Amino acid sequence: MEKTRNAPVTFGAKLKFMGPGVVLAALAIGSGELILTPRSAAQFGFALLWVPILTIIYKAAFSEGLARLTIASGGDVFAAFDSLPGPRHWAQYFIIVVFSLDMIGYGGIALAGGSDLAGLLPGFDIRIGALLAAVLVPVLLYTGSYPFFEKVVIAMCAVLLAGVIYTLFQIPLPGGQIARGLVPSIPADSVSTIMGLMGWVGAGTTTLLYSTWINEKIGKARDEREYRRWLSTMRIDCAVSYALMLGISFAFLAMGVATLHAQGVVPEKQQIMSTLSGMLDSIPRGRETFLVVGFFAMFSTVVSCMDGKSRAIASMLAGFSPRFSNKLRGYRMVMAAYLSVMAVTILLGDRQPAQVINTIASMNAVVFGLLGFVLLYLDRKLPAYARSGLISKCLILTGSTAFLGVAFLKLL
């Protein structure tokens, strides 16, 4: 029997129902926003400000398309992949491979989180910090309860947001440079950085997990009226989450310009977070605030990624064979496998987490561009009332084409 819930009617009730978008924001912030944007700022100042802005507009349209598909069909996007032409389950297998490769990048994120702890506790080994964070993940997620997971992530986001707002108001904001950064330009040697920002600012292929979390919270709309109410609710959820991502992207870009770029420092190695935080010493409690914010951002990203991927893959495995019909068991099995991948990455001691993350993010940009066309194809199979409007379709088409175009430029 399909899970259904009554859609909230009033604006206040819709605000109270927010959650999947905040979880998606938590997943995104610890990768693109917190690591790649300060590094971009260190290299190019505000010149690439236009990249996260346009990327987030595109990904917001993409996420609305995911919401339409999920609410109308009563299943997540991964189930819809089975309707694509070709051998059975091929698209799901492909996504599982992409998600698995992503986990190497999330090992880099855990290392960056370990560097936050090392900044707070001098002499602390970042690998020990990263492993401690990884050990906490299954403790929080063992029950597989989505409502509990959502509450934990929202609490971490509240800490993160408070710290970011405090720090942002302590640094100078040069209006002229910001205005110039709104005009698209491609500085020399910036294509790789642009691809990284496009891939992971606002989340990468893990944006697909938004569909999983919506499905967990809503189920299938019973009729067109319920569908429209749920879509209105998810639009608010989506708008708030991407506004949060954009605001935090700008905040960390501004911090990077005010500190790293001003000093000509481009962080590459394991001290990426402590380097940035050390340059905030002039702000009262600026360094400590940034390190605490950084750790919560990294940890919330790893937790969100682990929950969403484990939940999505467990659902896909259940469709592959009756042996995987117990989704909670599959959820825990996938989580254990992915934690093992992260642990290996951490123990190998990759000393350049920013570089690892940027490489994985660039791969995400290519795959994400292709996924936009897939989403447009799946949109055509929805009931007429649930299909995307012209503006949304144009945004997805333009964004996907741009993503693939930048990937082509990198190959030249």
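Residues numbered from 1 in each chain as written. Predicted model: local features only at pLDDT ≥ 70, side-chain atom pairs only at ≥ 80, totals over all residues. Heavy atoms only, no water.

Any details on the overall build of the protein chain? Residues and values, ideally.
A tally of regular secondary structure across the protein chain gives 16 helices and zero strands. Sorting the 412 residues of the protein chain into buried and exposed places 57% on the buried side. Intrachain contacts of the protein chain at a sequence separation of at least 6 include 87% that bridge at least 24 residues. As presented, the protein chain carries roughly 16200 Å² of accessible surface, and 66% of it is formed by carbon and sulfur atoms. (Helix = DSSP H or I, 4+ residues; strand = E, 2+ residues; numbered from the N terminus. Buried < 20%, exposed > 50% of the residue type's maximum accessible area, 1.4 Å probe, protein only. Contact = heavy atoms within 4.5 Å. Areas by Shrake-Rupley, 256 points an atom, 1.4 Å probe, with all protein chains shown as cover.)

For the nonpolar core, give the residues involved together with the corresponding values.
Grouped together as the largest cluster of nonpolar side chains are 126 residues, with contacts concentrated most on I71, F78, F81, L208 and M306. Each residue touching M306, except ones within four places of it in the same chain, is listed here: M103, V137, L141, M335, Y338, L339 and M342. (Core = buried A, V, L, I, M, F, W, Y, C linked by side-chain atoms within 4.5 Å.)

Can you lay out the environment of Y242 for me, pointing to particular residues and giving the numbers?
With respect to the secondary-structure elements, Y242 resides in helix α11 (residues 224–263). A C-alpha to C-alpha distance of 8.4 Å links Y242 and K59, two positions 183 residues apart in sequence. If sequence neighbours within four positions are ignored, Y242 has contacts with L24, I56, K59, A60, S63, G202 and T207. A distance of 3.3 Å separates the side chain of Y242 from the backbone oxygen of K59, its partner in a polar contact. There is a polar contact of 2.6 Å between the side chain of Y242 and the side chain of S63. (Polar contact = N/O pair within 3.5 Å; in protein donor to acceptor, adjacent residues only side chain to side chain.)

Kindly report on the side chain of K217, identifying the contributing residues and their values.
Among the secondary structure elements, K217 is positioned in helix α10 (residues 209–217). One polar contact links K217 to E150, side chain to side chain, over a distance of 2.8 Å.

Mind laying out α10, listing which residues take part and the relevant values?
Most of α10 sits out of view: eight of its nine residues are buried. Of all the positions in α10, only L209, Y210, S211, T212, W213, I214, N215 and K217 are classed as buried. Where α10 ends, the next residue or the one after it, G219, has phi of about 85°, a positive value.

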